[in-house]
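Spelled out from the first residue to the last, the chains are:
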Amino acid sequence: MNNFSEILQTQRHFFESGQTKEVHFRIAALKSLKQWIRQHDEEIMFALKTDLNKPPFEAFATEIGAALDELNFTLKHLRKWSRAKHIPSNMKNFPSHCRLYPEPYGVALIMSPWNYPFMLTVAPLIAAISAGNCAIIKPSAYSPATSSLIARMVDELFSAGHVTVIEGGRKENKALLDEHYDLIFFTGSTAVGKTVMQAAAKHLTPVILELGGKSPCIVDETANLKIAAKRIVWGKFVNAGQTCVAPDYILVHQSVKHKLINEMKTAIQTMYGANPCENEDYPKIINEKHFHRLLELLNGEDIIIGGDSNAATLQIAPTLLDNVKWEAPVMSEEIFGPIMPILTYSKMEDMIEIINKRPKPLSAYLFTTMKYAEDDFIQKLSFGGGCINDTLVHLSVSHLPFGGVGASGMGSYHGKAGFDAFTHYKSILHKSKNIDLPLRYPPYTDSALKLLKRF
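The structure presented is a predicted model; accordingly, all values stated were derived computationally and were not measured.

Caption draft 1: Summary view of the overall build of the protein. The helix and strand inventory of the protein stands at 15 helices and 20 strands. Its C-alpha atoms give the protein a radius of gyration of 25 Å, near enough to 23 Å, the size a compact globule of 455 residues would have. A principal-axis box enclosing the C-alpha atoms of the protein has dimensions of 85 × 55 × 40 Å. The long-range fraction of contacts in the protein, counting pairs at least 24 apart against all pairs at least 6 apart in sequence, stands at 72%.

Right, here's the structure in full:
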């Protein structure tokens with residue numbers, strides 16, 4: 001096993017050299033990363049095909065292209081973000097002026113997941129570098145081809161003092177979490193997120209947790225059902241449902257349930273064919289453990305379409321479930337696979353009450369044509385972020401911070417929010433030497449107190 005203490009010490013020495021605090025150094029590092037990704041996109045797509053059977057279009061759209069978009073946005077705005085910001089002072093400190101000075105935390109640990117193993121490693125790395133940090137990256141052992149490629153990429157681009165990759169499994173995860181970092185950025189399950197937070201608490205290390213949860217998709221009686229069906233099917237079954245912001249279950253108004261189901265069946269067959277498990281471009285489940293976990297969730301459920309699987313390829317067909325009970329196993333945890341339970345509601349207020357009784361989700365989606373429904377969705381439900389009349393695509397907007405709330409995470413990133421996540425803003429008041437009011441100094445008098453109260 002690597003000596004993680006020595007690796008961490010190497011990074012601390014590099015950070016103390018001051019190189020990463022220079023904006024031109026950060027920009028050069030990000031440009032090199034961008035160039036490497038562009039030159040090796042075929043290799044990245046091959047790694048993603050190996051790990052998850054992602055087709056080239058999906059791999060580029062959801063991973064490589066998303067990373068390049070984030071790089072372009074960051075490079076465009078980084079000089080502005082890195083400048084000190086003028087902040088108003090107050091009369092009590094007249095004459096003075098205030099500034100916020102952005103400074104990097106230091107050495108960050110980035111722990112990334114297996115479901116989008118390239119994008120969810122590179123996106124926080126972009127934020128860490130842009131803010132001037134050093135970074136230790138721990139990719140998931142469940143996606144070994146992409147993990148190995150990321151390790152090679154980092155080795156070719158960065159000195160070990162700036163960015164380094166640690167590969168391995170649970171043993172390496174535990175050993176890494178025993179060390180003291182300046183920031184930990186974790187993407188993964190809520191259960192493991194709790195372990196990360198416990199480890200960080202020993203050193204009072206700040207954490208950013210990007211977790212998950214059961215993200216609802218609401219379809220009311222006014223929705224355009226054909227559009228809703230296509231966008232829900234795409235959002236749910238991209239990457240075989242292994243997406244933290246995928247719609248986890250549908251809450252459809254009872255009056256349009258059957259129409260929506262028919263439209264979704266058509267959309268599934270159009271997108272994935274009559275036999276999705278024979279479709280070479282249909283992604284697979286990451287490993288046998290998750291494959292069998294998902295199949296167990298189907299036991300006793302009313303399957304509308306799908307349900308078939310291929311143990312040799314670890315594929316499970318897009319599956320719709322009808323007449324699902326809230327207490328069913330499939331509703332007890334985030335599904336993280338190509339299984340979509342469909343439940344109904346009759347009154348908006350009852351549906352909102354049901355959702356609010358459950359842990360806060362990472363995302364939520366609403367399909368409607370009514371403004372009052374949009375208002376209720378935004379004002380009465382608490383969730384990380386989402387879309388109205390679409391799914392997933394809020395992640396593609398770099399201006400929008402992405403993150404969870406409650407059990408679905410803490411902190412956010414993407415674009416400026418990513419820079420902020422890896423930045424401490426140092427508050428400084430600059431006070432004039434030319435005027436020094438005697439009011440604040442002892443001995444205190446009644447007249448001084450009266451004057452203070454007037455302020």
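Caption draft 2: Examining a nonpolar patch on the surface more closely. Among the surface-exposed residues, M91, F94, I435, L437, L449, L451, L452 and F455 lie close enough to one another that they form a single nonpolar patch of about 790 Å² accessible area. Mapped onto the secondary structure, L449 falls in helix α15 (residues 446-454). Its relative accessible area of 42% is what places L449 among the partly exposed residues.

Caption draft 3: Fine view of the pairing of strand β8 (residues 216-219). The two faces of β8 match: P216 and I218 on one face and C217 and V219 on the other face are all buried. Sheet analysis places β8 next to strand β9 (residues 249-253), joined by four bridges and oriented parallel. Residue pairing across strands places I218 opposite L251, the latter belonging to β9. Regarding topology, helix α9 (residues 225-237) serves as the crossover connection from β8 to the parallel β9, and that connection is right-handed. The pairing of β8 with strand β15 (residues 363-367) spans three bridges and is classified as parallel. Paired with C217 across the bridge in β15 is Y365.

Caption draft 4: Representation of the sheet that holds strand β1 (residues 85-87) within the structure. Ordered in space as β1-β2-β20, the three strands form an open sheet in which the pairing is antiparallel. The open sheet has two edge strands with one neighbour each: β1 and β20 (423-431). For this sheet the average axis-to-axis angle between neighbouring strands, irrespective of direction, equals 30°. Across nine bridges, strand β2 (residues 96-104) lies against β20 in antiparallel orientation. Each bridged residue has a counterpart across the sheet, and for P102 the counterpart in β20 is Y425.

Caption draft 5: Quick look at the pattern of salt bridges. Taken as a whole, this structure holds 15 salt bridges when the rule is applied. One salt bridge in this structure joins K49 and D281, with 3.8 Å as the shortest N-O distance. Linking K49 in helix α3 (residues 41-52) with D281 in the loop between α10 (257-272) and α11 (288-297), this pair joins segments that are 232 residues apart in sequence. Measuring nitrogen to oxygen at the nearest pair gives 3.5 Å for the salt bridge that ties K226 to E263. Of this pair, K226 sits in helix α9 while E263 sits in helix α10, placing them 37 residues apart in sequence.

Caption draft 6: Region of the structure containing the environment of E63. Assignment of secondary structure puts E63 in helix α4 (residues 56-82). Distance in space between the C-alpha atoms of E63 and V397 is 14 Å, their sequence separation being 334 residues. In this structure, E63 is in contact with L48, K54, E58, N115, Y116, P117, F118 and M119, ignoring residues within four places of it in sequence. From its side chain, E63 meets the backbone nitrogen of M119 in a polar contact 2.8 Å long.

Caption draft 7: Inspection of the packing of aromatic side chains at higher detail. Under the counting rule described, the total for this entry stands at 10 aromatic pairs. Consider the rings of F73 and W81, whose centres lie 6.0 Å apart with planes at 45°: the pair is tilted. One exposure class covers both F73 and W81, and it is buried. Three or more aromatic residues link up through ring pairs in this structure, and these residues are F185, F402, Y413 and F422.

Caption draft 8: Main features of unusual backbone geometry. That bond from F94 to P95 is cis: its omega, -5°, falls within 30 degrees of zero. For the bond running from P442 to P443, omega is 0°, close enough to zero to count as cis. Within the element layout of this structure, P443 appears in the loop between β20 and α15. Backbone geometry at N323 places phi at a positive 55°, although glycine is not the residue there. One can find N323 in the loop between β13 (319-322) and β14 (339-345). The exposure class of N323 is partly exposed, given its relative accessible area of 47%. Phi is positive for L392, close to 70°, though the residue is something other than glycine.

Scoring rules and cut-offs
- Residues numbered from 1 in each chain as written.
- Predicted model: local features only at pLDDT ≥ 70, side-chain atom pairs only at ≥ 80, totals over all residues.
- Heavy atoms only, no water.
- Helix = DSSP H or I, 4+ residues; strand = E, 2+ residues; numbered from the N terminus.
- Rg over C-alpha atoms; globule rule 2.2 N^0.38 Å.
- Contact = heavy atoms within 4.5 Å.
- Patch = residues over 30% accessible without salt bridge, like charges linked within 9 Å, V, L, I, M, F, W, Y side chains within 5 Å.
- Areas by Shrake-Rupley, 256 points an atom, 1.4 Å probe, with all protein chains shown as cover.
- Salt bridge = Lys/Arg side-chain N within 4 Å of Asp/Glu carboxyl O.
- Buried < 20%, exposed > 50% of the residue type's maximum accessible area, 1.4 Å probe, protein only.
- Pairing = 2+ DSSP bridges.
- Right-handed = clockwise from strand over helix to strand, strands pointing away.
- Axes fitted to C-alpha atoms, helices over the stretch in contact; angles between N-to-C directions.
- Polar contact = N/O pair within 3.5 Å; in protein donor to acceptor, adjacent residues only side chain to side chain.
- Phe/Tyr/Trp six-rings, centres within 6.5 Å; stacked < 30°, edge-to-face > 60°.

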